Amino acid sequence: MFRQTSAFLDWFAERNGTHRHRVTPVPLNRLDGWAADPETGNLRHRSGRFFTVEGLEVTTGRREVPSWTQPVIVQPESGLLGILVQDLGGVRHFLLQAKMEPGNVNTLQMSPTVQATRSNFTRVHRGRAVPYLEYFLAPRRGRVLSDALQSEQGAWFLRKRNRNMIVEVPAGETVPVRDGFCWLTLEQIGDLLALDNVANMDTRTVLSGLPAPWPDAAAGPGAEEHGLHTTAELLSRLTEVRAAGDLHRRRIPLHEVKGWARSGERIAHEDGRYFSVIGVDVEADGREVARWSQPMLAPAGRGVVAFLTREIGGLRHVLVQLRTEAGTFDVAELAPTVQCLPANHAHLPAARRPRFLDRVLDAPESRVLFDVVHSEEGGRFHHAENRYLAVEAGEDVPPDPGGDHVWMTPRQLGALLRHSHVNVEARNLLTCLRFLRPEGAR
């Protein structure tokens, strides 16, 4: 345990300085254990496990472009993301680990107690066992506070989900703290959320499922019904979009994707937008396997993930988008007000840019509640960062904004989150909204 966040940061810096981590870009055709299928061009591991990079053809009336093809990660297995919780000295603490991921821009970030694919915890790679796994797999020790299958990035994964869990261990039970792990309070985690690239994506998504508190001033049974719309109305609106079924996908050979240039080095879009598929060799202390190679997706720039927020009827509301992505699990999910990579749209006139993007980017500092850069999933994405913001909209954004945007309270979004209706970007943003302390916001 750390009495002050500064003591944790000293510990974190020491670990970063003393552990050996090396990530070296290599051409795709020189990846150890990976090869392109001679018939389809799909990238796959020689074991047939882990994941593949394939082609995807998408048709939908719910995006700016009605149809396109792209590379996509296909990883049918669900991973496990779990955080242990325990009262220590009368204060709730969360067990996190300083974990290296090959795609992290700063290599080491704070991860959940358990962050593992099924291939990891079933030891397909013949590596070390995953610590603390016994607390999360039945018959488990402890009380489940949160447990849901949650989606991953729909722009880059095809129908990918992970199990997000929070398990409470009884006070007084001894939990051995292994090397690289530490207990942090929620207040200290709030401090970390105000810092760029310290709390990783998996920590943020798991914490979004923690019951209460909610920053909407509502309390008591049924309080989620006191927003501009009832939760039943919001769920009906999402269900209506999903029932229309306006998302058609077909897996295609990777060498058939259009507008993408492929060489032995990498796969990249012809206009330099969106992302590239690259290869890396990895050496790392403290991982189940010390050395490996893999393909990764590398975005073409830093993204923007933002909520517009305002008070309506005395309650804090956030503006949520019903968003469809190429790999979305069920046609549409609840997403942030703005979710995009601005560089992909810089060449477009204002009318064709993502709705509310310019309002977020041009907001005066006095309206910005927080503004922080966080990394996305470092196990599959290379140096993928998003700028996470909450911006006070005031009354210039009406209660009925039209289109695919709708106001709801954070409490309502949390209620729908528990049933897997909220995308990963909105879950991460909701965690920032809930746990960033005002004095830590920038």
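Residues numbered from 1 in each chain as written. Predicted model: local features only at pLDDT ≥ 70, side-chain atom pairs only at ≥ 80, totals over all residues. Heavy atoms only, no water.

Caption draft 1: View of the overall build of the protein chain. When helices and strands are counted, the protein chain shows eight helices and 24 strands. Relative to the globule expectation of 22 Å for 442 residues, the C-alpha radius of gyration of the protein chain, 21 Å, shows essentially globular dimensions. Reported as C-alpha extents along the three principal axes, the dimensions of the protein chain are approximately 60 × 55 × 40 Å. When burial is assessed residue by residue, the protein chain has 58% of its 442 residues classed as buried. (Helix = DSSP H or I, 4+ residues; strand = E, 2+ residues; numbered from the N terminus. Rg over C-alpha atoms; globule rule 2.2 N^0.38 Å. Buried < 20%, exposed > 50% of the residue type's maximum accessible area, 1.4 Å probe, protein only.)

Caption draft 2: How the structure looks around the pattern of salt bridges. Throughout the structure, instances matching the rule amount to 22 salt bridges. When the shortest N-O distance is used, the salt bridge between Arg63 and Glu325 registers 3.2 Å. Here Glu325 lies in the loop between β19 (315-323) and β20 (333-335) and Arg63 lies in the loop between β4 (52-59) and β5 (67-74), a separation of 262 residues in the sequence. Each of Arg63, Glu64, Arg323 and Glu325 takes part in a single network of salt bridges with overlapping partners. (Salt bridge = Lys/Arg side-chain N within 4 Å of Asp/Glu carboxyl O.)

Caption draft 3: Layout of the side chain of Glu376. Tracing the backbone through its elements, the reader meets Glu376 in the loop between β22 (368-375) and β23 (385-392). Only 3.2 Å separates the side chain of Glu376 from the side chain of Asn386, close enough to count as a polar contact. (Polar contact = N/O pair within 3.5 Å; in protein donor to acceptor, adjacent residues only side chain to side chain.)

Caption draft 4: Fine view of the packing of aromatic side chains. Here the structure, examined in full by the defined rule, presents 11 aromatic pairs. Seen from their ring centres, Phe8 and Phe12 are 5.7 Å apart, and the 20° between their planes marks the pair as stacked. Of this pair, Phe8 and Phe12 both sit in helix α1 (residues 5-18), four residues apart, which is roughly one turn of that helix. Here the aromatic rings of Trp156 and Phe275 are separated by 6.4 Å at their centres, their planes lie at 70°, and the arrangement is edge-to-face. A residue pair is termed long-range when its members are at least 10 positions apart, and Trp156 in the loop between β10 (143-151) and β11 (161-168) and Phe275 in strand β16 (residues 275-284) qualify at 119 residues. The residues Trp156 and Phe275 share a single accessibility class, namely buried. Sitting over the face of the ring of Phe157, Lys160 holds its NZ or CZ atom 5.8 Å from the ring centroid. (Phe/Tyr/Trp six-rings, centres within 6.5 Å; stacked < 30°, edge-to-face > 60°. Lys NZ or Arg CZ within 6 Å of the ring centre and 35° of its normal.)

Caption draft 5: Structural detail: the environment of Arg287. Mapped onto the fold, Arg287 is located in the loop between β16 and β17 (291-299). The buried category is assigned to Arg287, whose relative accessible area is 11%. With 16 residues separating them along the chain, Arg287 and Gly303 place their C-alpha atoms 29 Å apart. For Arg287, the residues in contact, after removing those within four places along its chain, are Lys99, Met100, Glu101, Pro102, Arg128 and Trp292. (Contact = heavy atoms within 4.5 Å.)

Caption draft 6: A look at the nonpolar core. With 69 residues, the main nonpolar core has Phe8, Met110, Leu334, Phe370 and Leu413 as its most contacted residues. Here this core takes six residues from helix α8 (residues 424-435), the largest share from any one element. Those residues in contact with Phe8, other than ones at most four positions away along the chain, are Phe2, Met110, Cys182, Leu184, Leu192 and Val198. Core analysis: the next-biggest nonpolar cluster, separate from the first, contains 21 residues, Ile73, Phe157, Ile252 and Ala384 among them. (Core = buried A, V, L, I, M, F, W, Y, C linked by side-chain atoms within 4.5 Å.)

Caption draft 7: Layout of the packing of helix α7 (residues 410-417) against α8. Running from amino to carboxyl end, α7 crosses α8 at an angle of 135°, the nearest separation of the two axes being 11 Å. It follows from the interaxial angle that α7 and α8 lie oblique. Considering the relative orientation of α7 and α8, their crossing is left-handed. Facing Pro410, Leu413, Gly414 and Leu417 of α7, the residues of α8 in contact are Arg427, Leu430 and Leu433. (Axes fitted to C-alpha atoms, helices over the stretch in contact; angles between N-to-C directions. Parallel < 35°, antiparallel > 145°, perpendicular 65-115°, else oblique. Left-handed = near helix turned anticlockwise from the far one by under 90°.)

Caption draft 8: Examining the environment of Pro401 more closely. Along the polypeptide, Pro401 turns up in the loop between β23 and β24 (405-408). The class for Pro401 is buried, based on a relative accessible area of 10%. In this structure, the C-alpha to C-alpha distance between Pro401 and Leu348, residues 53 residues apart in sequence, is 22 Å. The residues touching Pro401, leaving out its near neighbours within four places in the chain, are Leu319, Arg355, Val406 and Trp407.

Caption draft 9: Spotlight on the layout of surface pockets. The volume enclosed by the largest pocket comes to roughly 1,300 Å³. Looking at the largest pocket, it is lined by 49 residues, and the ones nearest its centre are Arg63, Glu64, Tyr274, Arg323 and His345. Looking at the lining of the largest pocket, the elements with two or more residues in it are β5, β18 (303-312), β19, β21 (338-340) and β23. At four residues, the largest contribution of residues to the lining of the largest pocket is made by β5. For the lining of the largest pocket, the residue count by class is 18 nonpolar, 16 polar and 15 charged. (1 Å grid on protein atoms, 1.4 Å probe; cavity = no way out; pocket = protein on both sides within 12 Å on 5 of 7 lines; lining within 4 Å. Points joined across faces, edges and corners; volume = space filled by probe spheres on them. Nonpolar A, V, L, I, M, F, W, Y, C, P; charged D, E, K, R; others polar.)

Caption draft 10: Geometry of the side chain of Glu425. As for its position among the elements, Glu425 is in helix α8. In this structure the side chain of Glu425 is engaged in a polar contact, spanning 3.2 Å, whose partner is the side chain of Asn423.

Caption draft 11: Inspection of unusual backbone geometry at higher detail. The amide bond that connects Ala138 to the next residue, Pro139, takes the cis arrangement and shows omega of -5°. The phi dihedral of Phe50 is positive, around 70°, even though this residue is not glycine. Assignment of secondary structure puts Phe50 in the loop between β3 (43-45) and β4. Positive phi outside glycine occurs at Arg159, with the angle close to 50°. Take Arg159: its relative accessible area is 41%, and that puts it in the partly exposed class.

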